[in-house]
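# What the coordinates show
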There are 2 protein chains.
Amino acid sequence: MKTVTSLDWRKRFAKRTDHMKRTAVRELLKLTAQPGMILFAGGLPAPEFFPIQRAKAAAQRVLTDFGKQALQYRETEGVAELRDWIARRFSCSAHETGRRTGVPPVQHLRTPDTIDRRQALSCEVHGSNTSKCFSGKSHFQLDRSRVVITSGGQQALDLIGRVLLNENDKVAVENPTYLALLSAWRRLGVQFLPVSSDNDGMRVNELEAVLQGRPKLVYSVPTFQNPQGTTLGLERRLQLVELLREYDVGLVEDDPYSELRYSGAAMPTILELDAKQQWSDRQDGNVIYVGTFSKVLMPGLRVGWIIAPEEVIERIVRAKQAADLHTSTLSQHIAWELARDGFLNEHIPLLQRAYRERRDVMVASLEKHFPTETSWTRPDGGMFLMVTLPKAFDAFDALKEALKHHVAFVPGEEFHLQGLGRKTFRLNFSNAQPGLIEEGVKRLGKVLKQMIAR
Amino acid sequence: MKTVTSLDWRKRFAKRTDHMKRTAVRELLKLTAQPGMILFAGGLPAPEFFPIQRAKAAAQRVLTDFGKQALQYRETEGVAELRDWIARRFSCSAHETGRRTGVPPVQHLRTPDTIDRRQALSCEVHGSNTSKCFSGKSHFQLDRSRVVITSGGQQALDLIGRVLLNENDKVAVENPTYLALLSAWRRLGVQFLPVSSDNDGMRVNELEAVLQGRPKLVYSVPTFQNPQGTTLGLERRLQLVELLREYDVGLVEDDPYSELRYSGAAMPTILELDAKQQWSDRQDGNVIYVGTFSKVLMPGLRVGWIIAPEEVIERIVRAKQAADLHTSTLSQHIAWELARDGFLNEHIPLLQRAYRERRDVMVASLEKHFPTETSWTRPDGGMFLMVTLPKAFDAFDALKEALKHHVAFVPGEEFHLQGLGRKTFRLNFSNAQPGLIEEGVKRLGKVLKQMIAR
């Protein structure tokens, strides 16, 4: 028998895998599995607020009432009742919607005390138990044909890319932007056109110049952005909607965090503004919206959704069929169970209170312990803020030092294009408990002061 | 304000979506949602055997014992304990493995009465409660580094394609083969090289000629194939393993059905034969194996797995990270809970008995009611068999007639390459209850006899 060598698979990988890198940062962050590490690195919700008892009860109800359906193959689009619920939650005349579907209207996520009516365009409020619309030109009405359930927000982004982006297509993104979007779409061979941002979110004036380069899509996390925590202001939102129309370009609005608002005025989604401002008769428009239950319920379910024009939904469904047939039916049913009985509306304020405290502790600790040469963003919600070091410093070096003191964060470079961001890093404030947040920031402050003093 | 038209998304879809077709057959099969339809069309397990009470108990245990972990983000590779369990189940010296991990060894799925020891190469049996190896040259030992959990078998196939296949790459497949594999990989721009098959599975002699065309991969469902229900014989399996080595080519062994054996001798997987025959020291080899809990537990969980050489696993993990971060943690934990406590080993024989009866009823009914001009395969397991009509007939026409009599099946053409299969159709026997199977076959027989008589 001749000498046998096993197949060399490494020579056989597809070209697109060249973009699937493991980075030095990721290797370094493996160290964070050590016990005693204070984790500002990931994007994890606080597990102590997972509604485990409610999840148990929901699992029992789902398996009792829908056992066979909840364990069987289902349509790729997702469980119809959950799609209905999402469509209703994003619609703005819950009066009629609620009645039409025979289900009591759902209270809109934006609680009244966070709505600044002066800032909103013209707010329709149909009594205390119905949706509130920000821009009241017309009703904004969705139904399930505009909704597909995905295996988390990440799959939503992956499917949108697969359906819309060819090699060499251009995509305008905030710089910095969500890391996993860059890694998901980079392997499709697209070219990213960066648009810088400030405390008021993406610089929409700058976007206009970028749109001359004819990107196929704009991608944005307008509210409590990952990694900066900043939010696109209302004026810019309106300007953005105008630009989408003027340049006939589509926008992906990635919106995992907007329910987690701790201060400031609530903002209408770009989805809603686009639909209301432009298409009084056709309500499809230029926006593809991505939502998720990961941050407001629990990420382990892997249930997210896309709201898009019907023709986009149809293609996404075909792509999803080949990608994973459908999202876990059990997960979908549990999400629906927790959403429809009103629990979600009780749970979000609890998260808001807890995370508001953590944000406040982090910001106060930064002010107390960080060297005066550093600066940081001051988010009104979400899970992250971003620190900027003085010019000569590199966040990767700071991470190496910080890990020696058992504190972890993510250097900003990977969120950036054009090699920017080397002197920035992202801090997560949702996962660690308040006492640990102060301790971690204190240690980090010491590390940074020593680096600067050197 | 100038006249506004909404964005025309249809002009913006990626080229790869051209391959994402909705077919006439799919449109026709939408009619099967009507009540009273006898469904031989899908590939659904019988929901009456879903272990709902056990699933309830498992969900409670999981949320009690692992609540925070089971609802949190997790590593892309999958829940470590489930990967360990799968590695152990596919390893052949469960004695040591079981002891090493501190978990009692798991009884191998192949029950002793279905093992034909004469047919197997040389069977190692370590007592009644351990794995049985078919080809005993050496131990076949896996660990979790060779296993990644996927969102069902479909995602496994999608990820394998994304990691290994470039545009214009060639893939050898049985003709006919699994429909959703064709649709998932077709959009990657690959070229399929068909290999015909008979009652003993893929014609491996013919494969040899096809391998001259240098395909990058061979894809096969060797056991109880979808759509034909046929199984690759042992001699051909050994010959296939030789060919893989000789032509230095990789094989994707898609194996959702092999636990569902109702008659005949159990077969070693190609994975095992490849590892044992070739690589006594390096146990990675030429095979990428795809498994799933969908057919033996419940598909709604969407939990499958890939067993592959480590370098392939590593790339697949990177691809999966961008695709959906990870599979539903709750689903993974429930699958593990049902697997590890031995329930799966009680449940599979129950499914075997129930589906054996359905297969027997279907075959007996075919013999009784179908015109003598038709023929069909006689599967030893799985969920499907395939009918061949006389030359002049088209299964699509037969479907249109059958639907009028409230019976549905899938015409064979879509499973085929080169425009073959127009006179074949696939019947599923796992979903309908025995009485309905007989009634459905009777009605179908009548339809076919009328068509032939015309």
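Description of the structure in this document.

About the thresholds
Residues numbered from 1 in each chain as written. Chains lettered and ligands numbered in written order. Predicted model: local features only at pLDDT ≥ 70, side-chain atom pairs only at ≥ 80, totals over all residues. Heavy atoms only, no water. Helix = DSSP H or I, 4+ residues; strand = E, 2+ residues; numbered from the N terminus. Buried < 20%, exposed > 50% of the residue type's maximum accessible area, 1.4 Å probe, protein only. Contact = heavy atoms within 4.5 Å. Areas by Shrake-Rupley, 256 points an atom, 1.4 Å probe, with all protein chains shown as cover. Phe/Tyr/Trp six-rings, centres within 6.5 Å; stacked < 30°, edge-to-face > 60°. Lys NZ or Arg CZ within 6 Å of the ring centre and 35° of its normal. Least-squares fit on C-alpha atoms with pLDDT ≥ 70 in both. Core = buried A, V, L, I, M, F, W, Y, C linked by side-chain atoms within 4.5 Å. Buried area = accessible area lost by both parts, 1.4 Å probe. Salt bridge = Lys/Arg side-chain N within 4 Å of Asp/Glu carboxyl O. Polar contact = N/O pair within 3.5 Å; in protein donor to acceptor, adjacent residues only side chain to side chain. Pairing = 2+ DSSP bridges.

If you tally the helices and strands in chain A, you get 14 helices and 16 strands. In chain A, buried positions account for 65% of the 454 residues. A separation threshold of at least 6 residues defines the contact pool for chain A, and within that pool the share at least 24 residues apart is 76%. As displayed, chain A has an accessible area near 16300 Å², and 49% of this comes from carbon and sulfur atoms.

Turning next to unusual backbone geometry. Here the amide bond leading from A:N226 into A:P227 is cis, since omega sits at 20 degrees, within 30 degrees of zero. Along the chain, the position of A:P227 falls in the loop between β8 (217–220) and α8 (234–246). The linkage connecting B:N175 with the following residue, B:P176, adopts the cis geometry, with an omega of 10 degrees. By the element assignment, B:P176 lies in the loop between β5 (170–175) and α6 (179–186). A positive phi angle is found at A:H406, which is not glycine, with a value near 60 degrees. With respect to the secondary-structure elements, A:H406 resides in the loop between α13 (395–404) and β14 (407–408).

Moving on, we come to the packing of aromatic side chains. All names here are of chain A. The full count for this structure, using the stated rule, is 23 aromatic pairs over all chains. Look at W85 and F293: their rings are 6.1 Å apart centre to centre, the planes differ by 35 degrees, and that puts the pair in the tilted class. On the criterion of sequence distance, the pair formed by W85 in helix α3 (residues 80–90) and F293 in the loop between β10 (287–292) and β11 (304–307) is long-range, its members being 208 residues apart. Exposure class is identical for W85 and F293. Each is buried. Aromatic rings pair up to connect W85, F90, Y289, F293 and W305 into one cluster. Looking at R340, its charged tip hangs above the ring of W336, at a distance of 4.1 Å from the centre.

This part takes up the relation of the copies chain B and chain A. At an RMSD of 0.0 Å, chain B and chain A line up after a rotation of 180 degrees and a shift of 0.0 Å along the axis. As the rotation angle and translation indicate, the two copies are arranged about a two-fold axis. The fraction of interface residues of chain B whose copies in chain A are also interface residues reaches 100%, indicating that both copies meet through the same surface.

One finds A:F40, A:W185, A:F293, B:F40, B:W185 and B:F293 to be the most contacted residues of the largest nonpolar core, which totals 297 residues. The contacts of B:W185, once residues within four sequence positions are left out, are B:L157, B:D158, B:I160, B:G161, B:L165, B:V171, B:V190, B:F192, B:L217, B:Y219 and B:V252.

Moving on to the side chain of A:T150. Examined against the element boundaries, A:T150 turns out to sit in strand β4 (residues 147–150). Taking relative accessible area as the criterion, A:T150 reaches 0% and is therefore assigned buried.

Moving on: the interface of chain B and chain A. Each partner contributes residues to the interface: chain B has 95 residues there, and chain A has 95 residues. Of the roughly 8100 Å² buried between chain B and chain A on both sides combined, carbon and sulfur atoms contribute 57%. Taken as a group, B:W9, B:L71 and B:Y73 account for 10% of the area that chain B buries against chain A, more than any other trio of residues on that side. The residue B:D248 makes a salt bridge to A:R12 at a minimum N-O spacing of 3.2 Å. Seen at the junction of chain B and chain A, the total is 46 residue pairs in polar contact (both at pLDDT 80 or more). Breaking the side of chain B that touches chain A down by element, the ones donating at least two residues are α2 (52–71), α5 (152–164), α8 (234–246), β9 (250–254), β10 (287–292), α10 (310–324) and α11 (329–340) of chain B.

Now for the sheet that holds strand β16 (residues 424–428) of chain B. Residues and elements named next belong to chain B. Ordered by their spatial adjacency, four strands build an open sheet running β12-β13-β16-β15, and the pairing between neighbours is antiparallel. Edge positions in the sheet fall to β12 (375–376) and β15 (410–411), since each of these pairs with one other strand and no more. Here β15 pairs with β16 via two bridges, running antiparallel. Following the sheet pairing, P411 is matched in β16 by F425.

A separate point is the pattern of salt bridges. For the structure shown, the criterion picks out 52 salt bridges over all chains. The partner of A:K11 in a salt bridge is A:D8, with the nearest N and O atoms 3.8 Å apart. We classify A:K11 as exposed; its relative accessible area is 68%. Accessibility expressed as a relative area gives 23% for A:D8, which makes it partly exposed. B:R359 is the salt-bridge partner of B:D360, the closest N and O atoms lying 2.9 Å from each other. For B:D360, a relative accessible area of 36% puts it in the partly exposed group. Through salt bridges with shared partners, a single ionic network connects A:R54, A:R61, A:E337, A:R340 and A:D341.

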